[in-house]
Amino acid sequence: MTLPNEILPLQNISIVVAVSDNWVIGKNGDMPWGRGLKDDLKNFRITTSGAGKIVVMGRKTYDVVGRLKDRENIILTNQKGFKAPQCRVAHHKNYVLALSEAYDVYIIGGSEIYNLFLPHTDRIIVTHVHTEVTDGDAFFPEIPPEEWHATPLFSFEQSERNIFSFDIIQYRRKPELRT
Ligand SMILES: NC(=O)c1ccc[n+]([C@@H]2O[C@H](COP(=O)([O-])OP(=O)(O)OC[C@H]3O[C@@H](n4cnc5c(N)ncnc54)[C@H](OP(=O)(O)O)[C@@H]3O)[C@@H](O)[C@H]2O)c1
């Protein structure tokens, strides 16, 4: 039996990303705003932590952020002998896709890994950081509004906790475009 697209179960894969107004996500291996958005980090932790949740990151992001506590961590690398203490090391996206049948999977970067999983997700949680970054070297692809439905979740003003204002928006792929 074939179900109409609107009621097909989604794979439990979400992308979580913070982007500047010009779609920059990284600079010199780190995020352009460093750890300067405390409320975004808090929201990220709440969204991705807990039992049954898995975060997936590329080896270059892992080199900078390390293992995240209170959730399962998967590191993607092509290096067969790569060691990441208390993490799972994977060499193919299919391992992650299989796990998403049973667990909530959060793709947390960087650029290569976002591009790898974008075709496999219908949900992107984006922190739009209100700054233009001129010298970024890692990017997220623009999200075409005709393909994704946007739901604003939270807004934060610039403050002593946050060096820039930002909005957190959930995007769902429009049902007729889901694979
Ligand atoms: N703003 C945000 O929300 C955010 C979040 C995360 C990261 N970032 C930024 O993104 C930048 C890093 O992104 P990046 O694209 O350079 O690196 P990345 O995506 O973190 O990692 C790339 C690495 O992942 C591995 N990999 C890629 N495709 C693979 C595949 N198909 N199978 C197995 N392994 C695979 C390779 O590791 P090996 O080389 O070991 O084989 C590759 O070098 C940094 O600036 C970081 O700060 C931003």
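What counts and how
Residues numbered from 1 in each chain as written. Predicted model: local features only at pLDDT ≥ 70, side-chain atom pairs only at ≥ 80, totals over all residues. Near = placed C-beta within 6 Å. Helix = DSSP H or I, 4+ residues; strand = E, 2+ residues; numbered from the N terminus. Nonpolar A, V, L, I, M, F, W, Y, C, P; charged D, E, K, R; others polar. Pairing = 2+ DSSP bridges. Axes fitted to C-alpha atoms, helices over the stretch in contact; angles between N-to-C directions. Contact = placed C-beta atoms within 7 Å. pLDDT = per-residue confidence, 0-100. Core = buried A, V, L, I, M, F, W, Y, C linked by C-beta atoms within 7 Å. Buried ≥ 20, exposed ≤ 12 C-beta atoms within 10 Å, placed from the backbone.

(A) How the structure looks around the site of the ligand. Taken together, 28 residues are adjacent to the ligand, and Gly26, Gly58, Gly109, Gly110 and Ser111 come closest. Within the residue set of the shell around the ligand, elements represented by two or more residues are β1 (13-20), β2 (24-26), β3 (53-58), α2 (59-65) and α4 (111-117). Split by residue class, the shell around the ligand holds eleven nonpolar, twelve polar and five charged.

(B) The sheet that holds β3, seen in detail. Spatially, eight strands are ordered β5-β4-β3-β6-β1-β7-β10-β9 in an open sheet, and the strand pairing comes out mixed. Unpaired on one side and paired on the other, β5 (88-90) and β9 (148-156) mark the two borders of the sheet. Neighbour-to-neighbour, the strand axes of the sheet open up by a mean angle of 25 degrees, direction not taken into account. Relative to strand β10 (residues 166-173), β9 runs antiparallel, the two being bridged by eight bridges. Bridging from a neighbouring strand, Trp148 pairs with Arg173 of β10. Contacts between helix α1 (residues 38-48) and the sheet are confined to β1, β3, β6 (104-107), β7 (123-129), β9 and β10, with β1 contributing the most and set at about 175 degrees to the helix.

(C) Highlighting the confidence of the model for the protein chain. Averaged over the protein chain, the pLDDT score is 94; the fraction of residues at 70 or greater is 93%. Here residues 1-9 is a poorly scored stretch, pLDDT under 50, and it has six contacts once near neighbours within four places are set aside; other chains count.

(D) Spotlight on the nonpolar core. If you look at the biggest cluster of nonpolar residues, it comprises 36 residues, and the most contacted ones within it are Val17, Val19, Ile25, Val56, Tyr106 and Ile107. Of all the secondary structure elements, the ones that give two or more residues to this core are β1, β2, β3, β4 (72-76), β6, α4, β7 and β10. The element that contributes the greatest number of residues to this core is β1, accounting for six residues. Every residue in contact with Ile25, bar those within four places of it in the chain, is listed here: Val17, Ala18, Val19, Met31, Gly109, Gly110, Ser111, Ala138, Phe139 and Phe140.

(E) Inspection of the pairing of β1 at higher detail. For β1, a buried count of eight out of eight residues is recorded, marking the element as mostly surrounded by other parts of the structure. The alternating pattern of β1 places Ile13, Ile15, Val17 and Val19 on one face and Ser14, Val16, Ala18 and Ser20 on the opposite face, and all of these are buried. As paired strands, β1 and β7 are joined by seven bridges and run parallel to one another. Of the residues in β7, the one forming a bridge with Val17 is Val126.

(F) Expanded view of the environment of Pro141. Mapped onto the secondary structure, Pro141 falls in the loop between β8 (138-139) and β9. Residues Pro141 and Arg123 lie 18 residues apart in sequence; the distance between their C-alpha atoms is 14 Å.

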